[in-house]
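Here's the letter readout for the chains.
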Amino acid sequence: MTGFDVVQRQIWDSQSFRALPEDERTLFLYLLFNKHRTSFGYYVLDDAYAAADLQWPVERVRACWPHLIQSGMVKRDETNRLVLLLNCLRFNPPANPNVAKHWAERLGTLPPSPLLADLFEASDKYLLEGWQKSWLNGFRNPLPNPSQRVTQTLPDTSAKGIPNNNPNPNHN
């Protein structure tokens, strides 16, 4: 991703941010600025990565998550190691259609997660222009996975007077 993202200085006036204990504020700032983050605020982050970058024990990072999640500023899919910064799109919408296209490509590399529904909600809430939301279209209504077999029993039409067009009548 690029070397910079938009972060509003008003964060220091945010009641949600100011109510966090010191470690949680530090982890939240790390979530905003770390090298693993995507511009749209939905990315893979292992606790061990954060601990190494912050030079903290992993347990210290893990202890911060409940407060951050309760604050309503972050959601987390622990199973898939995904983080979603809930207001990221509010402050950092895609700058142009090429950025939106790049975001779609990047999103396609991330594991599927229930957090996608929250990303869609944030997009609907904060992105105004149609092209700003277009990068999510393929993820809202994904095409069926070709590796998954679809099985369906079709009714026997030969009993209903529909001619059998099979040129070899011995093999239906």
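Above this text sits the structure in question.
**Student:** Can you tell me about the packing of helix α3 (residues 47-54) against helix α4 (residues 58-70), naming the residues and giving the values?
**Tutor:** For the pair α3 and α4, the least separation of the axes is 8 Å and the interaxial angle reads 115°. With respect to each other, α3 and α4 are oriented roughly perpendicular. Handedness of the crossing formed by α3 with α4: right-handed. Contacts between α3 and α4 involve Asp47, Ala48, Ala50 and Ala51 on the former and, on the latter, Val58, Val61, Arg62 and Trp65. Classifying every residue of the contact of α3 with α4 by side-chain character gives six nonpolar, no polar and two charged.

**Student:** Explain the nonpolar core residue by residue, including any values.
**Tutor:** For soluble globular proteins, nonpolar side chains are generally found buried alongside one another. The biggest cluster of nonpolar side chains holds 23 residues, and the ones touching the most others in it are Leu27, Phe28, Leu31, Trp65, Val74, Val83 and Leu85. Looking at this core element by element, the count peaks at five residues for helix α2 (residues 22-33). Not counting chain neighbours up to four residues away, the residues in contact with Leu85 comprise Phe28, Leu31, Leu32, Arg37, Gly41, Tyr43, Met73 and Val74. Core analysis: the next-biggest nonpolar cluster, separate from the first, contains 20 residues, Tyr42, Trp103, Leu107 and Trp135 among them.

**Student:** Could you give me a rundown of the pairing of strand β3 (residues 82-85), with the residues and numbers involved?
**Tutor:** Every second residue of β3 is oriented toward a common face, with Leu82 and Leu84 on one face and Val83 and Leu85 on the other, all of them buried. Alignment of strand β1 (residues 42-44) against β3, held across three bridges, turns out to be antiparallel. Residue Tyr42 lies in a different strand from β3, and its bridge partner there is Leu84. Across four bridges, the pairing between strand β2 (residues 74-77) and β3 is antiparallel. If you follow Arg76 over to β3, its bridge partner there is Val83.

**Student:** Kindly report on the sheet that holds β3, identifying the contributing residues and their values.
**Tutor:** The sheet built from three strands is open, its strands ordered β1-β3-β2 with antiparallel pairing. Looking at the sheet topology across the chains shown, the edges are occupied by β1 and β2. Neighbour-to-neighbour, the strand axes of this sheet turn through a mean angle of 20°, independent of strand direction. Here α2 sits on the sheet and contacts β1, β2 and β3; the angle it forms with β3, its principal contact strand, is near 95°.

**Student:** Describe the environment of Leu128, and please don't skip the residues or the numbers.
**Tutor:** Relative to the elements of secondary structure, Leu128 occurs in the loop between α7 (115-126) and α8 (130-133). On a C-alpha basis, the gap between Leu128 and Pro93 in space is 9.2 Å, while along the polypeptide they are 35 residues apart.

What counts, and where the lines are drawn
- Residues numbered from 1 in each chain as written.
- Predicted model: local features only at pLDDT ≥ 70, side-chain atom pairs only at ≥ 80, totals over all residues.
- Heavy atoms only, no water.
- Axes fitted to C-alpha atoms, helices over the stretch in contact; angles between N-to-C directions.
- Helix = DSSP H or I, 4+ residues; strand = E, 2+ residues; numbered from the N terminus.
- Parallel < 35°, antiparallel > 145°, perpendicular 65-115°, else oblique.
- Left-handed = near helix turned anticlockwise from the far one by under 90°.
- Contact = heavy atoms within 4.5 Å.
- Nonpolar A, V, L, I, M, F, W, Y, C, P; charged D, E, K, R; others polar.
- Core = buried A, V, L, I, M, F, W, Y, C linked by side-chain atoms within 4.5 Å.
- Buried < 20%, exposed > 50% of the residue type's maximum accessible area, 1.4 Å probe, protein only.
- Pairing = 2+ DSSP bridges.

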